[in-house]
Amino acid sequence: MTFDDEDLIATSPNSNNDDTAFDDAEDGDKAQDFRLFASSLAGPGKKSQQASGKAIRRGEKDFESHGTRAQENVLESSRSAMHQVLSYTRSNQPRNVLRGWYFPDRWADVPPEGESTDGQPGDRTTKTRGSGQGLFERERVVVLESDKSTMLQSMGRVVTSAEKYSPGWVKTWLLPEEALFLIERETLDLWWPARGIEEVFPEDGDPKVPRPKAEKLEDYELGVPLSLQAAYALFIGRDGERGKISLEKYQVYANLRRTGYKVLRATPTPLQSPSSPTPQPLWKWLFSLLNTNNLFALHPKRPEYGPLVRPGLYRSYVPIYEQLALVQRHKPAPLPPSESPQPEHPFKICFHVWKSQGTIMKTRPPPPDIQMAVVDARDSSVPTLEQLDALLLSMPWDPPADEEKTGVGFVYKRLKHGWRSVVVAVVDRGLISYMRFGEMAFGEELLYETPNLRPKAKRGGRNGRGRGGGRGRGR
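Residues numbered from 1 in each chain as written. Predicted model: local features only at pLDDT ≥ 70, side-chain atom pairs only at ≥ 80, totals over all residues. Heavy atoms only, no water.

**Student:** Looking at this structure, I do not really get helix α8 (residues 247–258). What am I missing?
**Tutor:** Side chains three or four residues apart in an α-helix point the same way, a direct result of the helix having 3.6 residues per turn. Compared with an ideal rise of 1.5 Å per residue, which puts twelve residues at 16 Å, α8 spans 16 Å between its outermost C-alpha atoms and is within 8% of the ideal. Burial in α8 covers these residues: K249, Y250, V252, Y253, A254, L256 and R257. Just past α8, the residue G260 takes up positive phi, approximately 105°. (Helix = DSSP H or I, 4+ residues; strand = E, 2+ residues; numbered from the N terminus. Expected span 1.5 Å × (residues − 1). Buried < 20%, exposed > 50% of the residue type's maximum accessible area, 1.4 Å probe, protein only.)

Right, dumping it as structure tokens:
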């Protein structure tokens, strides 16, 4: 019970009672509102057979049948609206659909990504302009007839290491996850070839070389179209299989693409070499020796017995807290590339992710906003400290921009940004959870040295006892 001159305690929005929590749970279990889908099916020239606005009822449900005609009419209209939505046939215009051909062995003889060395005999990258980092030639199994689509701004690559005028050398090739995602959104029509790639793309040959005039073949003479189920059977496999991707990784890729992110397969990110420390001037070092606050830091010898804080007159709390610092704290530091550890499976970087703002170059992408690893919750467990340490140390050095600024806001901002960070996508039978791990330096944030940590008291209002702040007995 509060007194008359006391303020009422504000109830936290998170501290809900049982009824509120039950209502929230009921809101999450509500059925889909099919009226929005059913209303989108109506158009000019179509019969308006949509359910009424009261067809699908949200909120309180009737769990028992009371035998009235009104309840039967409501249930019947809800069933008809759901049936109408589920039976709708979705179609796209042919001019917006790309056609791709499945040639899994076209680049089978190319060495895997990162194994070819420049200048060696037999290196395909030295023949022409070079394949470039992140091309993954061996994994590209679908070739497109045309690249007139906005979706191809962040997916698909032209294999520049192919020999000139070879079949498919100027075409765009897709990775398995890219092809499967385009098939799911009905942008790509995948075909199984019945003939060789030189017959499917005869126009890629050298125009200077005379060729016999061949008869133009019909589409179904070149191959047959494949269904979505067939595409899943072709592209989904185990990790390490050429031309395939695991189901968990594809689910994460498709989820990120649908939410607006731009995703590319991860390539080895070059680690920055640690910069040499700036030499300190001699006069500054001499003045630092005269500072009494640094005497304990220079000579950290502690007595074998006695108090932790040496008796004496202190005019600041800083030397007292420095003497109480017994546990060695972690301080992030860049590592040379030779000392960088290799993360263990399955905690390895799979995708580089960029936010939707702006455009990226597929051939020379900027540093990623997010580096993501994908793990299966059924086949792996919680990562150990050694696994997380190896994963974080393999990330590029990215210290906060406002590392020298003071203030409570900058402290929280630095701790949230971290010095290295990585996102782990945990997939549990299709349910994806994203967890961010970062290397932070809580011990480097010396709060006793940060001024203005306490917020200034406001006069009046609910926080003070100024004008209008309290409650009198006459109210």
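From this point, the narrative continues.
**Student:** Sorry if this is basic, but what is going on with the sheet that holds strand β9 (residues 370–376) here?
**Tutor:** Strand pairing in a sheet is mediated by backbone hydrogen bonds. Such pairs are either parallel or antiparallel. Taken together, five strands build an open sheet; the order of strands is β7-β8-β9-β10-β11 and the sheet is mixed. If you trace the sheet from one side to the other, it starts and ends with β7 (262–265) and β11 (431–439), each paired once. Each strand axis lies, on average, 30° off the axis of its neighbour in the sheet, ignoring direction. Of the strand pairs in this sheet, β9 and strand β10 (residues 420–428) are connected by five bridges, and their pairing is parallel. Across the sheet, D376 pairs through a bridge with V427, a residue of β10. Relative to the sheet, helix α12 (residues 385–393) contacts β8 (349–354), β10 and β11, its axis offset from that of β10 by approximately 125°. (Pairing = 2+ DSSP bridges. Axes fitted to C-alpha atoms, helices over the stretch in contact; angles between N-to-C directions. Contact = heavy atoms within 4.5 Å.)

**Student:** What should I look at first to understand unusual backbone geometry in this one?
**Tutor:** Leaving glycine out, the prevailing phi sign among residues is negative, and the prevailing peptide bond configuration is trans. The residue after H345, namely P346, is reached through a cis peptide bond having omega 5°. Of note in the backbone geometry, F136 takes a positive phi value of approximately 55° without being a glycine. Under the relative-accessibility criterion, F136 is labelled buried at 13%.

**Student:** For this particular structure, what's the right way to read the pairing of β11?
**Tutor:** Where a strand is regular, its side chains alternate between the two sheet faces. Where β10 lies against β11, nine bridges are found, and the strand directions are antiparallel. Among the inter-strand pairings, R420 is bridged to a residue of β11, identified as E439.

**Student:** Can you walk me through the pattern of salt bridges in this structure?
**Tutor:** Should the charged atoms of two oppositely charged side chains come close, the side chains can pair. Applying the stated criterion across every chain, the model contains 13 salt bridges. A salt bridge links R265 to E177; its shortest N-O distance comes to 2.8 Å. With R265 in strand β7 and E177 in helix α4 (residues 176–184), the pair connects residues that are 88 residues apart, well separated along the chain. Exposure remark for E177: the relative accessible area of 2% places this residue in the buried category. For D428, the salt bridge identified is with R378, shortest N-O distance 2.8 Å. With a gap of 50 residues between them, D428 in strand β10 and R378 in the loop between β9 and α12 connect regions that are remote in the sequence. (Salt bridge = Lys/Arg side-chain N within 4 Å of Asp/Glu carboxyl O.)

**Student:** Looking at this model, I keep getting lost on the sheet that holds strand β6 (residues 223–225). Mind explaining?
**Tutor:** Taken together, the six strands give an open sheet; going across it, the order is β3-β4-β2-β1-β5-β6, and neighbouring strands pair in mixed fashion. Edge positions in the open sheet fall to β3 (157–158) and β6, since each of these has one partner strand only. On top of the sheet, helix α7 (residues 228–235) reaches β1 (98–102), β2 (142–144) and β5 (188–193); it is set at about 70° to β5, its chief contact.

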